[in-house]
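Breakdown of the fold
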Amino acid sequence: MADFRAGTSEQEAFLAKLLEAGVLIDSGVPGVYGRSSTFELITERFAGLITAIAAAEGAESLRFPPLLPRRQLEDADYLGSFPHLAGTIWGFEGDDSDATLQQELASGHQDWSRFQVMGDLVLTPAACYPVYPAVAARPPLDDEGALIDVGAAYVYRNEPSSDPARMQMFRQRELVRIGAAETVHSWREQWRERAVELLDSVGIEVELQVATDPFYGRSGRMMAASQRQQELKFEVVCDLGGAEPTALASFNYHQTHFGTAFGIELADGSPAHTACLGFGLERIALALIRTHGLDPDVWPEQIGQALSGAR
């Protein structure tokens, strides 16, 4: 189990306010919340802006469940980089006596894990992961490559926290670009500026910064240093009351990592480059609420117009 991550007093006060107002619904486990209709409306309206832009760019729409074959997680080397964040799925495998013993332990809230066996599925850690094997199953990509709209996909990270912006199960509104290096790099550069403009249009004060993923261990520190040096990851961040700014959107350029891992080929037989762009819908909703208040009906008119796509 990951260590519990305490938020700052300001973050914890914000969470208490959201729970008291019923905007979020406490499950009893840190980082896992129900959402009110108001909260969902905010996320849906912002996600709709991304949908409209993606459609105008000719993106192909694909949707996947929040589950991933364990083999695909292994092929992507996720456990080598983020073993502390992974969520695995286990199931019962035993006889009648085992079932009885398991129930006895469970009824007393004791450890009954010895009756569980690892299954073939894991919880999806990033919305882009199912895209790569799906595209790899196709013929080699032409010069245009592929642009995939993954929608608002639920993902899981094993990091319980009292910071409302650090949920264990949350949604990434994600786009994935696959193709030649120059195609992917150009797309990412275009979206870096567009993402800042989009969040600015709904009244959230943000800035763009070079970032790193939360790699694990000593080798992870080396990977993070390399990632920062090559500027492979950018984040659009804002102040949500933490000691550090909170990322609302992130851009990852994977180079040929996934192209090689899953066998995604270009027409010339070389591995494809990939990049993904993810907007954290829950974090954006929290930023909007923190900036404009709990009731969207009294938000400034221009914010409502921006969220509806009006210009």
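Here the structure is shown first, and the text comes after it.
This text gives an overview of the structure that appears in the document. The residue count restarts for each chain, going from 1 along the sequence in the order it is written. Totals for whole chains, interfaces and linings use all residues, but because this is a predicted model, local features are given only for residues with pLDDT of at least 70 and pairs of side-chain atoms are given and counted only at 80 or more. Remark: hydrogens and water are excluded; side-chain values derive from all non-hydrogen atoms of the structure.

1. Looking at the nonpolar core
By size, the foremost hydrophobic cluster in this structure holds 84 residues, and its most contacted members are Phe-46, Ile-178 and Phe-279. Sequence-distant contacts of Phe-279, defined by excluding residues within four places in its chain, comprise Phe-46, Ile-50, Arg-171, Gln-172, Arg-173, Trp-191, Ala-195, Leu-198, Leu-248, Ala-249 and Ile-284. Here, nonpolar core means buried Ala, Val, Leu, Ile, Met, Phe, Trp, Tyr and Cys residues that are tied together by side-chain atoms lying within 4.5 Å of each other. Think of it in three bands: residues with accessible area under 20% of the maximum for their type are buried, residues over 50% are exposed, and the middle band is partly exposed, with areas taken using a 1.4 Å probe on protein chains only. The contact criterion used is simple: two residues touch if any of their non-hydrogen atoms lie within 4.5 Å.

2. Notes on helix α2 (residues 37–56)
Each helix is a run of DSSP H or I of at least 4 residues and each strand a run of E of at least 2, with the numbering of both proceeding from the N terminus. A helix is expected to span 1.5 Å multiplied by its residue count minus one. Across its 20 residues, α2 extends 28 Å between first and last C-alpha, which sits within 8% of the 28 Å expected from 1.5 Å per residue. Those residues of α2 not exposed but buried are Phe-39, Glu-40, Ile-42, Thr-43, Phe-46, Ala-47, Leu-49, Ile-50 and Ala-54. Of the residues trailing α2, Gly-58 is marked for its positive phi of about 80°.

3. Let's talk about the pattern of salt bridges
Definition used for salt bridges: Asp or Glu carboxyl oxygen within 4 Å of a side-chain nitrogen of Lys or Arg. Inspection of the entire model under this criterion finds 15 salt bridges. Note that Glu-74 and Arg-70 form a salt bridge whose closest N and O atoms lie 3.1 Å from each other. Separated by four residues within a single helix, Glu-74 and Arg-70 lie in helix α3 (residues 70–75), roughly one turn from each other. A relative accessible area of 39% means that Glu-74 is categorised as partly exposed. For Arg-70, a relative accessible area of 25% gives the class partly exposed.

4. Thoughts on the sheet that holds strand β7 (residues 146–156)
We treat two strands as partners when DSSP finds at least two bridges between them. If you trace the seven strands from one edge of the open sheet to the other, you get β3-β7-β8-β12-β11-β10-β9, paired in mixed fashion. For this open sheet the edge positions go to β3 (60–61) and β9 (207–210), each flanked by a neighbour on one side alone. Strand direction decides the pairing type here: β9 and strand β10 (residues 233–238), joined by four bridges, are antiparallel. By the bridge assignment, Gln-209 is partnered in β10 with Glu-235. On the sheet, α2 packs against β7, β8 (169–179) and β12 (273–280) and is oriented at approximately 5° with respect to β8. Lines fitted to C-alpha atoms define the axes here, with helix axes fitted over just the stretch in contact, and angles between the N-to-C directions of these axes take values from 0 to 180 degrees.

5. Some words on the state of the cysteines
To count as a disulfide, a pair of cysteine sulfur atoms needs to be within 2.5 Å. Applying the stated criterion across every chain, the model contains zero disulfides. Just so you know, Cys-128 is unpaired, no disulfide at all, and the nearest cysteine sulfur is the one on Cys-276, 4.1 Å from it. The class for Cys-128 is buried, based on a relative accessible area of 2%.

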